[in-house]
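If you want the building blocks of each chain, they are given just below.
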Amino acid sequence: MTRISLNVDGEDVTEDVEPRMLLVQFLREKLGKTGTVIGCDTSNCGACTVHLDGKSVKSCNVLAVQADGGEVTTIEGLAKGDQLHPVQEAFRECHGLQCGFCTPGMIMQSIDLLNENPHPTEEEVRVGLEGNLCRCTGYHNIVKSVLHAAGGAS
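This section reports on the structure supplied with the text. For every chain, the first residue of its written sequence is number 1, and the numbers climb from 1 along that sequence. Reporting of local features is limited, given that this is a predicted model, to residues whose pLDDT is at least 70; pairs of side-chain atoms are given and counted only at 80 or more, and all residues count toward the totals for whole chains, interfaces and linings. Neither water nor hydrogens contribute to the side-chain values; these are computed over all heavy atoms in the structure.

### Focus on the side chain of T49
So, point 1. Relative to the helices and strands, T49 is located in strand β3 (residues 49-52).
So, point 2. A distance of 3.5 Å separates polar atoms of two side chains, one belonging to T49 and the other to N132. Helix numbers and strand numbers start at the N terminus; a helix is a DSSP run of H or I with at least 4 residues, a strand a run of E with at least 2. A 3.5 Å cut-off defines polar contacts: any pair of N or O atoms within that distance qualifies, except that in protein one atom must be a possible hydrogen donor and the other a possible acceptor, and neighbouring residues in sequence count only when both atoms are side-chain atoms.

### Thoughts on the sheet that holds strand β1 (residues 2-8)
So, point 1. If DSSP finds at least two bridges between two strands, the strands pair. Pairing is mixed in the open sheet, where five strands are placed in the order β2-β1-β5-β3-β4. Of all the strands in the sheet, just β2 (11-17) and β4 (55-58) have a single pairing partner and so form its edges. Put simply, the sheet's adjacent strands are angled 40 degrees from each other on average, direction ignored.
So, point 2. In this structure, β3 lies alongside β4, joined through four bridges in antiparallel fashion. Bridge pairing links T49 to K58 in β4.
So, point 3. Note on contacts: a residue pair is in contact if any heavy atoms of the two residues lie within 4.5 Å. All axes are obtained by fitting lines to C-alpha atoms, using only the stretch in contact for helices, and the reported angles, taken between N-to-C directions, cover 0 to 180 degrees. The strands touched by helix α1 (residues 23-30) are β1, β2, β3 and β5 (71-73); relative to β2, the strand with the most contacts, the crossing angle is about 105 degrees.
So, point 4. The sheet contacts of helix α3 (residues 103-116) involve β3, β4 and β5, and relative to β3 the element is tilted by about 45 degrees.

### So, the packing of helix α2 (residues 86-93) against α3
So, point 1. Between α2 and α3, the shortest axis-to-axis distance is 9 Å and the interhelical angle comes to 125 degrees. In terms of their interaxial angle, α2 and α3 are classed as oblique. Here α2 and α3 pass one another in a crossing that is right-handed. On the side of α2, the interface is formed by V87, Q88 and F91, while α3 contributes T103, M106, I107, S110, I111 and L114.
So, point 2. In this classification, Asp, Glu, Lys and Arg are treated as charged, Ala, Val, Leu, Ile, Met, Phe, Trp, Tyr, Cys and Pro as nonpolar, and every other residue, Gly included, as polar. Looking at side-chain class alone, the contact of α2 with α3 contains six nonpolar, three polar and no charged residues. Reported orientations rely on four angle classes, namely roughly parallel under 35 degrees, roughly antiparallel over 145, roughly perpendicular from 65 to 115, and oblique for the rest. Two helices that cross are described as forming a left-handed crossing if the nearer one is turned anticlockwise from the farther one by less than a right angle, and a right-handed crossing if clockwise.

### What about the packing of α3 against helix α5 (residues 140-149)?
So, point 1. In the contact formed by α3 and α5, the axes pass within 11 Å of each other and the chain directions differ by 40 degrees. Classed by the angle they form, the pair α3 and α5 counts as oblique. Considering how the two elements wind past one another, α3 and α5 form a crossing that is right-handed. The segment α3 lies against α5, with M106, S110, L113 and L114 engaging I142, V146 and A149.
So, point 2. Residues of the contact of α3 with α5, tallied by class, amount to six nonpolar, one polar and no charged.

### Here we look at the state of the cysteines
So, point 1. The rule for a disulfide is simple: a pair of cysteine sulfur atoms within 2.5 Å. Inspection of every chain in the model, using the stated rule, returns zero disulfides.
So, point 2. C40 takes part in no disulfide bond, and the closest cysteine sulfur, belonging to C45, lies 3.7 Å away.
So, point 3. Of all cysteine sulfurs, the one in C60 lies closest to C48, which takes part in no disulfide; the gap is 3.8 Å.
So, point 4. Each residue is assigned to one of three classes by its accessible area relative to the maximum for its type, calculated with a 1.4 Å probe on protein chains only: buried under 20%, partly exposed between the two thresholds, exposed over 50%. Overall, C48 belongs to the buried group, its relative accessible area being 4%.

### Focus: the pattern of salt bridges
So, point 1. One speaks of a salt bridge when a side-chain nitrogen belonging to Lys or Arg is within 4 Å of a carboxyl oxygen belonging to Asp or Glu. Here the structure, examined in full by the defined rule, presents seven salt bridges.
So, point 2. A salt bridge links K33 to D9, with the nearest nitrogen and oxygen atoms 2.9 Å apart. Highlighted residues: K33 in the loop between α1 and β3 and D9 in the loop between β1 and β2, separated in sequence by 24 residues.
So, point 3. Here K55 ties to D112 by a salt bridge, and the two come within 3.9 Å at their closest N and O atoms. One end of the pair, K55, is in strand β4; the other, D112, is in helix α3, with 57 residues separating them in the sequence.
So, point 4. Where salt bridges share partners, they join K55, D112 and E116 into one cluster.

And the structure:
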């Protein structure tokens, strides 16, 4: 076992973990952060995307010990009380979800995209979301949601 300490959604956490435990498993099994979804376990779908030290990562591709000393934000850590994060609100307003399975990862990746490019074009949104798969929506309303959050066309 290896002891790790990190900040998750604004709370300091210290836990003993197996060195091979994935960050997604740590978040879900040790901390109960089940909004971080296990999709493919191969880093292909992006459903498990979280922010590690301010950048989006696929948490099925990161060992929990690699996050030691870091700051992790999950989908559960975005809202401030009853106030949704602006990207969460845009997904709600623009119907950027259907079954909801990919939504946490899409939102986390969208926030990272908007942090890097606050006013993306539609094409830049589509490129920025590559690596996050949705099987339901055809991406139209997801792209629309990101543009709406950016203050662009909706």
